Amino acid sequence: MTPRKRRAWAIAGGLALLAMATALVLNALQSNLVFFFSPSQVVANEAPRSGSFRVGGLVEQGSVRREPDGVTLRFIVTDTAHTVPVTYQGLLPDLFREGKGVVVAGKLDADGVFRATQVLAKHDENYMPPEAADALKRARNAPSGVDGADGKAGGTQGSGANNLAAAGPSRPEAR
């Protein structure tokens, strides 16, 4: 084989390896991408029927029910306009309470119940994830009969690492 052909084969092999590495990275990113939706968007069928996503809002007062098995929990997430029933099996964060902000990650079943795999509760009285706060504000400001969604598809991508800033100090400073 001539040096020219050897060089061509080396370049072609390098490009093939680069293409495979790019495909693997993009596949990993796609499988870890989780979008956020409000209960109003879920009710309006803007959320995916297959695949994982997050739903955020408030835990409705009086909706938390523990099943007899002691592990399964049922509750309702609301944005004050619409509600989504949620079931979760596992340990809850210490800050999980009725009437408080929550973000749940999981999948929506065919029967309309959100099967949560993760429950995230707000970490102090001044903090709510920006996506959840925005969804609650849109739902409160929507005229009656409107679902409060802005009509845009997809929701917003969110991760806990991007939502660490609190709205202010959690207690007064000592002077």
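What counts, and where the lines are drawn
Residues numbered from 1 in each chain as written. Predicted model: local features only at pLDDT ≥ 70, side-chain atom pairs only at ≥ 80, totals over all residues. Heavy atoms only, no water. Helix = DSSP H or I, 4+ residues; strand = E, 2+ residues; numbered from the N terminus. Buried < 20%, exposed > 50% of the residue type's maximum accessible area, 1.4 Å probe, protein only. Contact = heavy atoms within 4.5 Å. Areas by Shrake-Rupley, 256 points an atom, 1.4 Å probe, with all protein chains shown as cover. Pairing = 2+ DSSP bridges. Phe/Tyr/Trp six-rings, centres within 6.5 Å; stacked < 30°, edge-to-face > 60°. pLDDT = per-residue confidence, 0-100. Salt bridge = Lys/Arg side-chain N within 4 Å of Asp/Glu carboxyl O.

J.: Just checking my understanding: could you explain the overall build of the protein chain for this structure?
T.: Counting secondary structure elements, the protein chain contains three helices and eight strands. Across the protein chain, helices and strands are ordered from the amino to the carboxyl terminus as α-β-α-β-β-β-β-β-β-α-β. For the protein chain, the proportion of its 175 residues judged to be buried stands at 29%. Within the protein chain, contacts between residues at least 6 apart in sequence are counted, and of these 58% link residues at least 24 apart. For the protein chain, the accessible surface area stands at approximately 11,200 Å², while carbon and sulfur atoms represent 57% of it.

J.: In this structure, what is going on with unusual backbone geometry? I would like to understand it.
T.: When glycine is set aside, most residues are seen to have a negative phi, and most peptide bonds are trans. The phi dihedral of Asn45 is positive, around 60°, even though this residue is not glycine. When you line up the elements, Asn45 lands in the loop between α2 (39-43) and β2 (53-59). One non-glycine residue with positive phi stands out, namely Thr80, at about 75°. Summarising the element assignment, Thr80 is placed in the loop between β4 (72-78) and β5 (83-89). Taking the relative accessible area as the measure of exposure, Thr80 reaches 45% and is therefore partly exposed.

J.: How should the pairing of strand β7 (residues 114-121) be read in this particular structure?
T.: Looking along a regular strand, one sees the side chains alternate between the two faces of the sheet. By the bridge criterion, three bridges tie β5 to β7 in an arrangement that is parallel. Bridge pairing links Thr87 to Arg115 in β7. As defined by bridge partners, strand β6 (residues 101-108) adjoins β7 across seven bridges and the pair is classed as antiparallel. From the neighbouring strand, Ala105 faces β7, where its bridge partner is Gln118. Between β6 and β7, which pair antiparallel and follow one another directly, the connecting turn spans five residues, one of which, Gly112, has a positive phi of 85°.

J.: Is there a simple way to think about the packing of aromatic side chains in this case?
T.: Geometry of an aromatic ring pair is reported as the spacing of the ring centres plus the angle between the planes. Tallying each qualifying case throughout the model produces three aromatic pairs. Between Phe53 and Phe114, the ring centres sit 5.2 Å apart and the planes meet at 65°, which makes this aromatic pair edge-to-face. Here the residue Phe53 occupies a position in strand β2, and Phe114 occupies one in strand β7, the gap between them amounting to 61 residues. Phe53 sits in the buried class, given a relative accessible area of 1%. Both rings, one in Phe75 and one in Phe96, keep their centres 5.0 Å apart while their planes meet at 65°; by these two values the pair is edge-to-face. Here Phe75 is found in strand β4, whereas its partner Phe96 is found in the loop between β5 and β6, with 21 residues between them in sequence. The residues Phe75 and Phe96 share a single accessibility class, namely buried.

J.: Please explain the confidence of the model for the protein chain as it appears in this structure.
T.: In regions of low pLDDT, the predicted coordinates are not meant to be interpreted in detail. With 75% of its residues at a pLDDT of 70 or more, the protein chain shows a mean pLDDT of 77. A low-confidence stretch, residues 146-175 (pLDDT under 50), is modelled with 49 contacts involving residues beyond four sequence positions or located in other chains.

J.: Got a minute to help me understand the environment of Leu33 in this structure?
T.: Along the chain, Leu33 falls in the loop between α1 (3-32) and β1 (35-37). Separated by 20 residues in the primary sequence, Leu33 and Phe53 have C-alpha atoms spaced 8.4 Å apart.

J.: Can you help me understand the pattern of salt bridges in this one?
T.: Two side chains of opposite charge can pair, provided their charged atoms sit close to one another. Scanning the entire structure with this criterion turns up three salt bridges. Salt-bridge contacts for Glu67 lead to Arg74; the nearest nitrogen and oxygen are separated by 2.8 Å. Relative accessible area serves as the criterion here: at 25%, Glu67 is assigned to the partly exposed category. Note that Asp109 and Arg115 form a salt bridge whose closest N and O atoms lie 2.3 Å from each other. Asp109 sits in the partly exposed class, given a relative accessible area of 26%. For Arg115, a relative accessible area of 31% corresponds to the partly exposed category. Beyond isolated ion pairs, a larger network of salt bridges with shared partners links Asp109, Asp111 and Arg115.

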